[in-house]
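Breakdown of the fold
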Amino acid sequence: MARPRRRPPRRPRIGLALAGGGPIGAIYEIGALCALEDSVEGLSFTGVDHFVGVSAGAFIAAALANGLTPRAMCEAFIENVGGDESVIDPGLFTQPAWNEYVRRMAMAPMVTASAAWQWMLGRGSLAGWMSDVGRLLPNGFFDNAPLERHLRQLFSAPGRSNDFRDLGQRLVVVATDLDTGDAAPFGQPGWDEVPISQAVVASAALPGLYPPVEIGGRHYVDGALKKTVHASVLLERGLDLLICLNPLVPFDASHEPGQGRRTGTGAIPRLEQGGLPALLSQTFRSLIHSRLELGMKGYERSHPDCDILLFEPDHGDAEMFHAGTFSYSMRRRLASHAFQQTRQMLRERAAELAPTLARHGLRLNEDRLHEPRQLLASDTPPPAPRGKALVARTHRTLDRLERWVSRR
């Protein structure tokens, strides 16, 4: 009797979901992705099967789908080295939206005349006057057209594509339809005729900072208005492993240094002392993170066969919290910080992560995690004291022994 032929093992299907967070979010994600690739053997983020990106995450996801490695993005965006076509000048994000200013100024005579006429007729009110004047404010202070042009050039280079349909992997870039509030999954069937560069700037068009992006007669804004990561568009593809990165978390200021929390720049006893910027930042982060937590619980229930790994900054990391969303001058320091903090988190979660990654043919290299490594070529890793190196090896051995005993 002939034996049934054994089917060869299927290659695990891996997806990557990247949330937004402005330029600082992109900096964190680049540093974290570099740390993950450096520490997990067999993991290549340019070779995963599916990508979804929102806002700043859309920029990173589109670059990865076009073959730009995290290290290459670090050189282009953090260190500003490489060819002219690949370097991402931070000034591209802060070009004044002159066309928007001129368009609103052109409306001023008509709006002013209408408001004056209403006052003369006795129908005017302060609320009505403020509503009329509000129409003269620009939809966004910065122009996203220069960034779109640069991305179009970047993705049109040989070996890359600005067309969703020409990519080797599935890429989804999510924006929000301004007039309906519905999610727009650019890259999905029926949404894949839009150029990738245009979809990315639409997904990153945060209201108030950037004007809505017109595509096909409709206007689109930041995809994070609907959901934080939009991971469901990938989970529906039947993934085995989904890796999620979220750069923005609410800050926990209740722990003093030395009590186990990483505060980077020192103790912050009261966020109220930081004034309105700290209050708004904490509010925004809390809102989007609560949605993320609800979404993650829903994903685990609806897709129990998929392992979902979430990586994000420590809630006690003051350096990430106090870095302004448009803090370009600190991008080298923050990228290195994200790289090292992600390595620290991998060390702390090794017992949990190693078996999960192993199920999908990936290996967490704990020896490398305990070596002094650096992100930027100009950084010099601190020498490991002999005593600390011995302690690190001891902890590593004990961790492996604990996992061996638990398996037995």
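As annotated in an unreviewed UniProt entry, the protein chain carries the name Patatin-like phospholipase family protein and comes from Ideonella aquatica.

1. Describing the side chain of Asn144
Note that Asn144 resides in the loop between helix H5 (126–134) and helix H6 (145–155). From its side chain, Asn144 meets the backbone oxygen of Pro211 in a polar contact 3.2 Å long.

2. Some thoughts on the UniProt feature "active site" (unreviewed entry) in the protein chain
Summarizing the sequence annotation, UniProt attributes the feature "active site" (unreviewed entry) to Ser55 and Asp222 in the numbering used throughout. Judged by maximum C-alpha separation, these annotated positions cover 168 residues in sequence but sit close together in space, the widest gap being only 5.9 Å. Looking at where Ser55 falls in the secondary structure, it is placed in the loop between strand S3 (50–54) and helix H2 (56–65). The residues contacting Ser55, other than those within four sequence positions of it, are Gly20, Gly21, Ser203, Ala204 and Asp222. Topologically, Asp222 is positioned in strand S7 (residues 218–222). For Asp222, a relative accessible area of 5% translates into the label buried. Residues within four places of Asp222 in sequence aside, it is in contact with Val54, Ser55, Thr176, Ala202, Ser203, Ala204, Ala205, Leu206 and Pro207.

3. A closer look at the packing of helix H3 (residues 70–78) against helix H11 (residues 331–348)
Two measures define how a pair of helices packs: the angle their axes make with one another and the distance between the axes. In the contact formed by H3 and H11, the axes pass within 10 Å of each other and the chain directions differ by 155 degrees. On the basis of their axis angle, the class for H3 and H11 is roughly antiparallel. At the point where H3 passes H11, the crossing takes the right-handed sense. Side by side, H3 and H11 meet where Arg71, Phe77 and Ile78 of the first sit next to Arg331, Arg332, Ala335 and Phe339 of the second. Each residue belonging to the contact of H3 with H11 can be placed in one class, and the counts come to four nonpolar, no polar and three charged.

The rules we used
In this convention, every chain numbers its residues from 1, walking through the sequence in written order. In keeping with the predicted nature of the model, local features appear solely for residues at pLDDT of at least 70, side-chain atom pairs appear and are counted solely at 80 or more, and the whole-chain, interface and lining totals rest on all residues. Here the side-chain values reflect all heavy atoms present in the structure, with hydrogen atoms and water set aside. The numbering of helices and of strands both runs from the N terminus, where a helix is a DSSP run of H or I of at least 4 residues and a strand a run of E of at least 2. Polar contact is the term for a pair of N or O atoms within 3.5 Å; when the atoms are in protein, one must be able to donate a hydrogen and the other to accept it, and sequence-neighboring residues count only if both atoms are side-chain atoms. UniProt positions are given in the numbering used here, feature names are shortened, and annotations may be inferred rather than shown by experiment. Throughout, a residue-residue contact means that at least one pair of heavy atoms, one from each residue, lies within 4.5 Å. Buried, partly exposed and exposed residues are distinguished by accessible area as a fraction of the type maximum, computed with a 1.4 Å probe on protein chains only: under 20%, between the cut-offs, and over 50%, respectively. Helix axes use the C-alpha atoms of the stretch in contact, all axes being lines fitted to C-alpha atoms, and the angles between their N-to-C directions lie in the range 0 to 180 degrees. Oblique is the label for every angle not falling under 35 degrees (roughly parallel), over 145 degrees (roughly antiparallel), or within 65 to 115 degrees (roughly perpendicular). Should the near helix be turned anticlockwise from the far one by less than a right angle, the crossing is left-handed, and should it be turned clockwise, the crossing is right-handed. As a working rule, the residues Ala, Val, Leu, Ile, Met, Phe, Trp, Tyr, Cys and Pro are called nonpolar, Asp, Glu, Lys and Arg charged, and the rest polar, with Gly in that last group.

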